[in-house]
Amino acid sequence: ALVAGILTAVRRPLDALLSAAGRLAAGEVGARVPEEDGPQELRQLARAFNAMAADVASAATLVEAERRRLATTVRALGDALVTTGSDGRVAEVNPRAGELVPHLHPGAPFVPLAPLPEALTQEVEVEREGRTLAVTAAALEDPGAHVWTIRDVTERARLERMKSDFVATASHELRSPLTSIKGFVELLEASRGLTPRQQEWVGIVHVSTDRLVELVNDLLDVTRLEAGQVAIHRRLTDVGELVAEVAQLLSPRLAAKGQAFAADVPPDLPRAIVDPGRLRQVLVNLLTNAHLYTGAGGRLGVTLRAEGDTLVLRVRDTGRGMEPEELANVFDRFYRGPERDGPQGTGLGLSIVRSLVELHRGTVGIESAPGEGTTFEVRLPRAIERASTAPGGTVRQALPGKRVLLVGEDAHLAALLEPHGVASVLVKAGGDGLAALHARRYDAVVIDLARAGAPGFELLRAVRADPVLRRLPVVLLSEPSVRDALSGEWVVDKPVEPDALVDTLGGAIVADRIRVLAVGRPAVRRELDAGLDALGVAHEWATDTDDVVAMCAARHYEVALVEATMEGAAGAVAALDLRGRRLRRSVLAFSEDGTAPDGLGPDVVPVSLAGAAPAVLGLLAPDVTEPTAG
């Protein structure tokens, strides 16, 4: 009886403790045990349990209060929040999401509004149902789960467009009178009837006018870069020749300041895949910046080297160098160094340099220290030139057998194209050109705007508006002063250089306004980019199936190049929505060694050939070859 009594006295508080622990674990934060029952040790254990339970209850109260506060905050947010699970479906949304993206509701399949890799690293703006949305994403702990933030920036985008339109309009309006002023000032400078004092005044006006023209040109470039209206027409280019050309252009300014210039350009360097006009602008801005911030008697230099699959351009000076805070802001718009080195630039040149280099898929960096000068380093994709590549690039392989309509009065153009197997037909006026295009099939049209005048612009508008002709490649010949109005078109400056005409025409025919979607890992991107750039083929990248779905929903693609060995390659192929003229399935699978797992078919090529002319041009060829007329 004694032993039974002792066991009962011990077991009763233990049972109570066990029961309370179970209730606490089940969420009953008010569970407690009597502290006066049982031996001393059990009473101490009961007191510790009750203290712990009290702490748990207090923490639960705080957590619940924070949960309610967070839920209220999420509900009140002006931005849409969408949480997706690892199953690819929408898990949760807030009320704002019902206004901005009503199709994304809990349980619905999630269709990304923007490519996931871009949204994870930066804010991506997309147009949807009349709104401009800024989309960002963040990864959650569960693999494949993400939270998406969607903000309505329609008003901000409208104000940005208004600002850009105002700057562009004001700059355009300023250019005409400035051009007239500059011309008459140059005439005054050349006249012999001025006194030395008057010559000095005219010289000051000339310098000030030049600075105004530079400022207006920079403003126009910045406006177009912000609006995404700057067209980059890449082709194989000898960068060494551009360096020599820019050095000659700036030599009078360097000589006036007593500055020495040296260029180190090996003769056997490979060419780069760039827009020569835009790279010339990059060089001018970098050397002008070095000239302004280097004192009299200083030294400027340019070196050019090939490193792997890039071409490295370095511009060095022996100027004052930069402080760390200057280095942090040097590429910002309108940023200028301290006012201690005399006349300075507009503060836009380096911002334009960075934007243009990035459009070429290159990078620009800077090294500088106070008193040690400055070095800018520009890295650009170099050409992978094979023995069969003709001078000027593989785009010339598209020219033999093509029929081209020449609109203007320059019969010399036909003679420039004839050695490349191009059959040309010459007409003189825009109206005659439209009639000729409807009378027979042409592979491209070249419009000499300088000779055709207003009818040439009318022909361009008519071709773009015609449902049959609007995909026809068009190359425009114009004076450099008119190039700004032709952004987005294939343009050759006059006087026409034969290589520029041939390469531009070949690039226009190959690109043919076709979109190519490349799907693969970043590791294979550089080599494939080099081949496609050399062909002049416009293309964009996706890295997984979600990207493919989002990009095909937002744009039209006619050809796809898919990395066969990437994870989810079969799903990416199945998700492709290719639209356009072609009746057959225009998909080319590639891998590093030309092999692929089962399910993608036997037509797999090595990545080195995926961007080569035979493979890509074969996909871009029309399904039906029309007979040659005449």
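Scroll up for the structure.
Residues numbered from 1 in each chain as written. Predicted model: local features only at pLDDT ≥ 70, side-chain atom pairs only at ≥ 80, totals over all residues. Heavy atoms only, no water.

A. Local environment of the pairing of strand β21 (residues 587-591). Most of β21 sits inside the fold, with four of its five residues counted as buried. Pairing of strand β20 (residues 559-563) with β21 involves four bridges; the strand directions are parallel. Among the inter-strand pairings, V562 is bridged to a residue of β21, identified as A589. (Buried < 20%, exposed > 50% of the residue type's maximum accessible area, 1.4 Å probe, protein only. Helix = DSSP H or I, 4+ residues; strand = E, 2+ residues; numbered from the N terminus. Pairing = 2+ DSSP bridges.)

B. Molecular detail of helix α8 (residues 276-292). For α8, which comprises 17 residues, the first-to-last C-alpha distance of 24 Å matches the rise-based estimate of 24 Å (1.5 Å per residue) to within 8%. The element α8 is largely enclosed, with a buried count of 14 among its 17 residues. (Expected span 1.5 Å × (residues − 1).)

C. Quick look at the pairing of strand β10 (residues 310-317). Counting buried positions along β10 yields seven of eight residues, so the element is predominantly enclosed. In the sheet, strand β9 (residues 299-307) pairs with β10 via eight bridges, with the strands oriented antiparallel. Bridge assignment links V302 to a residue of β10, and that residue is V315. Two successive antiparallel strands, β9 and β10, enclose a turn made up of two residues, where G308 displays a positive phi of approximately 65 degrees. Bridge count between β10 and strand β12 (residues 374-381): eight bridges; the pairing is antiparallel. Looking at the pairing, T310 lines up with P381 of β12.

D. Highlighting the environment of L42. Note that L42 resides in helix α2 (residues 40-76). Relative accessible area serves as the criterion here: at 17%, L42 is assigned to the buried category. Considered as a pair, L42 and L14 are 28 residues apart in the sequence and their alpha carbons are 7.7 Å apart.

E. Summary view of the sheet that holds β10. Strand order in the open sheet formed by five strands is β7-β9-β10-β12-β11, with mixed pairing between adjacent strands. The open sheet has two free edges, formed respectively by β7 (260-264) and β11 (363-368), since each of these has just one partner strand. Strand-to-strand twist of the sheet, defined as the mean angle between neighbouring strand axes without regard to direction, takes the value 15 degrees. As defined by bridge partners, β7 adjoins β9 across five bridges and the pair is classed as parallel. Of the residues in β9, the one forming a bridge with A262 is G301. Across the sheet, helix α7 (residues 239-256) lies against β7, β9 and β10, angled at about 175 degrees from β9, the strand it touches most. (Axes fitted to C-alpha atoms, helices over the stretch in contact; angles between N-to-C directions. Contact = heavy atoms within 4.5 Å.)

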